[in-house]
Amino acid sequence: KLVASITNSEFYSNYAYRGAGFSIANGSAVIDKVYGHGNHFVPYDIDTGNFQLVGGGVFLGGLDVKMTNSYIVNNKTTYGGGLGVSPAQAGNKSFVIENVSIKNNEAVYGGGVAAFSLYGQPITFIDCELLNNKATEGSALYTEVYAKWLKANNGGLIQFFFTTFGLNDATDNNTFRFYKTDVTKGE
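Residues numbered from 1 in each chain as written. Predicted model: local features only at pLDDT ≥ 70, side-chain atom pairs only at ≥ 80, totals over all residues. Heavy atoms only, no water.

A. The arrangement of the confidence of the model for the chain in detail. In the predicted model, the chain carries a mean pLDDT of 80, and 74% of its residues have values of at least 70. Per-element averaging of pLDDT across the chain places helix 1 (residues 147-152) at the bottom with 49 and strand 10 (residues 95-103) at the top with 95. Counted against residues more than four places away or in other chains, residues 182-187, with its pLDDT under 50, gives 6 contacts. (pLDDT = per-residue confidence, 0-100. Helix = DSSP H or I, 4+ residues; strand = E, 2+ residues; numbered from the N terminus. Contact = heavy atoms within 4.5 Å.)

B. Region of interest: the pattern of salt bridges. Counting across every chain of the model gives 3 salt bridges. Among the ionic pairs, K66 bridges to E98, the shortest N-O distance being 2.9 Å. Of the two residues, K66 is situated in strand 7 (residues 64-73) and E98 in strand 10; the sequence distance between them amounts to 32 residues. Take K66: its relative accessible area is 35%, and that puts it in the partly exposed class. Here E98 falls in the partly exposed class, since its relative accessible area comes to 26%. Across the salt bridge formed by K103 and E129, the nearest N and O atoms sit 3.6 Å from each other. Linking K103 in strand 10 with E129 in strand 14 (residues 129-131), this pair joins segments that are 26 residues apart in sequence. Note on K103: relative accessible area 26%, which makes it partly exposed. (Salt bridge = Lys/Arg side-chain N within 4 Å of Asp/Glu carboxyl O. Buried < 20%, exposed > 50% of the residue type's maximum accessible area, 1.4 Å probe, protein only.)

C. Fine view of the nonpolar core. L60, M67, L83, I97 and F125 are the most contacted members of the largest nonpolar core, which has 28 residues in total. Tallying contributions element by element places strand 10 first for this core, with 4 residues. Here I97 is in contact with V65, M67, L83, T124, F125, I126 and C128, once residues within four sequence places are set aside. Within the second largest apolar cluster, 6 residues are counted, among which are V54, F59, A114 and F116. (Core = buried A, V, L, I, M, F, W, Y, C linked by side-chain atoms within 4.5 Å.)

D. Spatial organisation of the environment of D32. Along the chain, D32 falls in strand 4 (residues 27-37). Only 2.6 Å separates the side chain of D32 from the side chain of T68, close enough to count as a polar contact. Of the polar contacts made by the side chain of D32, one reaches the side chain of N69; its length is 2.8 Å. (Polar contact = N/O pair within 3.5 Å; in protein donor to acceptor, adjacent residues only side chain to side chain.)

E. Spatial organisation of the packing of aromatic side chains. Applying the stated rule across the entire model yields 7 aromatic pairs. Plain terms: the ring middles of Y79 and Y142 are 5.9 Å apart, the flat faces sit at 55° to each other, and that makes the pair tilted. Highlighted residues: Y79 in strand 8 (residues 76-79) and Y142 in strand 16 (residues 141-146), separated in sequence by 63 residues. With respect to burial, Y79 and Y142 carry one shared label: buried. For the ring pair F160 and F165, a centre distance of 5.2 Å and an interplane angle of 75° mean the geometry is edge-to-face. Judged by relative accessible area, which is 28%, F160 ranks as partly exposed. (Phe/Tyr/Trp six-rings, centres within 6.5 Å; stacked < 30°, edge-to-face > 60°.)

F. Representation of the environment of L83 within the structure. Checked against the element boundaries, L83 lands in strand 9 (residues 83-86). The spacing of L83 and F59 is 24 residues in sequence and 5.9 Å in space, taken between C-alpha atoms.

Right under this line is the structure:
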């Protein structure tokens with residue numbers, strides 16, 4: 001089992017397929033005082049609509065996560081310009097993002113944050129700011145829940161406590177975009 005601890009670190013001007021700044025999946029992560037900026041995705045194939053092109057700054061998936069006191073700014077990708085997340089599907093996991101500034105990021109879906117597989121543990125944002133993020137759909141947040149998971153589960157939960165949203169811009173005029181995928185691609 002992976003246990004990652006990243007503290008007082010900077011990730012900048014990196015280019016990658018997923019989590020251009022950094023990507024951690026299937027383990028536990030304690031992240032504090034990280035500055036991720038100027039990171040961009042680079043697709044390795046022509047399918048730039050692939051949902052795996054996620055997390056311009058950071059991708060965190062299937063984890064027990066505590067991310068605090070960090071800045072994720074000026075990153076770009078297809079899903080989740082600043083932060084891409086996919087919480088653990090089961091177990092006693094916790095996914096907490098606290099005192100994190102997610103600013104000036106850009107994506108097609110979810111300029112600030114893109115969240116997937118939301119039938120697992122809740123994602124909790126505490127005392128964060130999502131500012132001046134840009135996207136085609138969902139300027140601050142884009143989520144996608146798959147219908148087959150929804151049938152057996154509650155669809156997941158994203159909680160915001162003392163979080164500021166401002167100056168975000170999206171072509172679809174939505175700060176939040178919630179999308180449920182099924183065989184007909186219905187919303």
